[in-house]
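This is what each chain is made of:
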Amino acid sequence: MTRRFIGRAMVLALFAFPAMAQTPAKAPPILAGTWRNQYTPNLAEALGKEPPYTAYGAERWRTVDTSKDPTGFCLPPGPSRIFTAPFPFILMQQGDMISFLFEYQTLWRVVYMDGRPHPADIADYPDFMGHSVGKWDGETLVVDTVAINERSWLDTAGHEHSAKLHLTERIKKISEDKLEWTVTFDDPVFFTKPWSLSRSFTRFDDSKDRIMPYTCTENNRDVEHLKPNQPNLSYKYEPEK
Amino acid sequence: MARKLQGVIALLLGVSFAAIPAAAHHSFAAQYDRSKPITLKGVVTKLEWMNPHIYFFVDVKEGDRVVNWSIEGGAPSMLYRNGWRTDSLKVGDQVTVDGWLAKDGSNLANMRTVTLPDGKTVFGASSGGDTR
């Protein structure tokens, strides 16, 4: 009698709570490790065309002076440009936090994974590397970044952005030694619509190599030699239909 | 014929662009003039293995006087990963530097190749082979 009751109760429980009959929720994939970026000094070249500029964005691109590149003065490159610079980074994955430790300029990014929103006042306190929160979409890490200091540039070629830039990055492991990174730039001041670009990160063999020093202000002799350089003055704006 | 010529031009362009070192931290053209290649021969007086780019200095005879030129190379970590070390170039080494002249008219050049008297080159592939 008791045994039959327990048996019925178990069958009932399996119907009532199907999850109990399955294995526990799958743990997120391990993205941790040291990775090498795909150097991309000109996003438009990688995209195969110029991004969908607003008239204002197009004029900024036409008149940009590359001697004003903030990284030339050792200011931080910003959250997406650092993933396209030719230097490796360490991805750390710990509980409710994912962090990126970059060789380039010895910078870091933190992604809060505990479900918190961006701070309500974050726009008043922008950072060159922005403020990031993240979540898992299946096997993909989705990072949402705002409050990116508008003085940072998107690449060495001179693509710029406004304080309204909203970045969405999706990072997915496509093989043991490769991550795919897809970044979406949403900035209504510079672009008529969001646009995306994918790059890959390949595993960096840190048993044979190591993260090395990069203190940009150590000996930045370049600054005193920079001369105005406006390579896009002949650019003609054609709004994307 | 025309096609062949196009091929040659594309090859030449490819070679010259491939040889331009990656300047991750500033625009190449804001500091150097691609249309002004320069060859300097002289003696190394100093090497600064520091960030964001290495610099070394070469005494070059110009007529009766000796001019000390500054030469910019790649980032130390990139050079290290390509096998170069702080003693790959020593004070007193005789070198031939091929590179591009600075835009501001100073005695500064960005290196493309540095050749030692025995024909060996140093600090090549500063860009890690990825120069796009």
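Per chain, residues are indexed from 1 in the order of the written sequence. Numbering of ligands from 1 and lettering of chains from A proceed in the order in which they are written. Whole-chain, interface and lining totals are the exception, using all residues; otherwise, since this is a predicted model, local features are given only for residues with pLDDT of at least 70 and side-chain atom pairs are given and counted only at 80 or more.

## Topic: the overall build of chain A
When helices and strands are tallied, chain A shows four helices and nine strands. Helix and strand assignments come from DSSP, with helices taken as H or I runs of at least 4 residues and strands as E runs of at least 2, each series counted from the N terminus. Of the regular secondary structure in chain A, the N- to C-terminal order runs α-α-β-α-α-β-β-β-β-β-β-β-β. For chain A, the spread of C-alpha atoms along the principal axes amounts to about 90 × 50 × 35 Å. Classification of the 241 residues of chain A by burial places 33% in the buried group. Counting contacts in chain A only where the partners sit at least 6 residues apart, residues at least 24 apart contribute 60% of the total. Residue burial is a threshold on neighbouring C-beta atoms within 10 Å of the residue's own C-beta, all placed from the backbone, with 20 or more meaning buried, 12 or fewer meaning exposed, and counts in between meaning partly exposed. Contact between residues is assigned whenever the C-beta positions, reconstructed from backbone atoms, fall within 7 Å.

## As for the pairing of strand E1 (residues 32–48) of chain B
Along any regular strand, the residues point their side chains to alternate faces of the sheet. All names here are of chain B. Across eight bridges, the pairing between E1 and strand E4 (residues 94–102) is antiparallel. When the sheet's bridge partners are listed, tyrosine 32 is paired in E4 with alanine 102. Note: two strands are recorded as paired if DSSP finds a minimum of 2 bridges between them. In this structure, the hairpin formed by E1 and strand E2 (residues 55–62) is closed by a connection of six residues.

## Topic: the nonpolar core
All names here are of chain A. Nonpolar core, as used here: buried Ala, Val, Leu, Ile, Met, Phe, Trp, Tyr and Cys residues forming one set through C-beta atoms within 7 Å. Ranked by internal contacts, the top residues of the largest apolar core, which has 34 residues, are Trp35, Phe102, Tyr104 and Trp181. The set of elements that each furnish at least two residues to this core consists of helix H4 (55–63), strand E2 (89–94), strand E3 (97–102), strand E6 (140–146), strand E7 (166–175) and strand E8 (178–186). When residues of this core are assigned to their parent elements, the largest contribution, four residues, is made by E8.

## Some details on the confidence of the model for chain B
All names here are of chain B. The predictor rates its confidence in each residue with pLDDT, a number between 0 and 100. Summing up the model confidence of chain B, the mean pLDDT is 82 and the portion of residues at 70 or higher is 76%. Scored below 50 in pLDDT, residues 1–20 makes five contacts in the model with residues more than four places away or belonging to other chains. A low-confidence stretch, residues 127–132 stays under pLDDT 50, and its non-local contacts, those more than four residues away or across chains, total 18 contacts. Across the whole predicted complex the pTM is 0.86, and at the interface the ipTM reaches 0.84.

## What about the sheet that holds E7 of chain A?
Residues and elements named next belong to chain A. Strand order in the closed barrel made by the nine strands is E1-E2-E3-E4-E5-E6-E7-E8-E9, with mixed pairing throughout. Averaged over neighbouring strand pairs, the angle between their axes works out to 30° when direction is ignored. Bridging between E3 and strand E4 (residues 108–112) involves five bridges; their strand directions are antiparallel. When the bridges of E4 are listed, methionine 97 appears paired with tyrosine 112. For helices, the axis comes from a line fit to the C-alpha atoms of the stretch in contact; other axes are also lines fit to C-alpha atoms, and the angle between any two N-to-C directions lies between 0 and 180 degrees.

## Concerning the interface of chain A and chain B
On the side of chain B, 27 residues touch chain A, which itself brings 29 residues to the contact. Just so you know the grouping, Ala, Val, Leu, Ile, Met, Phe, Trp, Tyr, Cys and Pro go in nonpolar, Asp, Glu, Lys and Arg go in charged, and all remaining residues, Gly too, go in polar. Residue composition of the side of chain A that touches chain B, by class: 11 nonpolar, 10 polar and eight charged.

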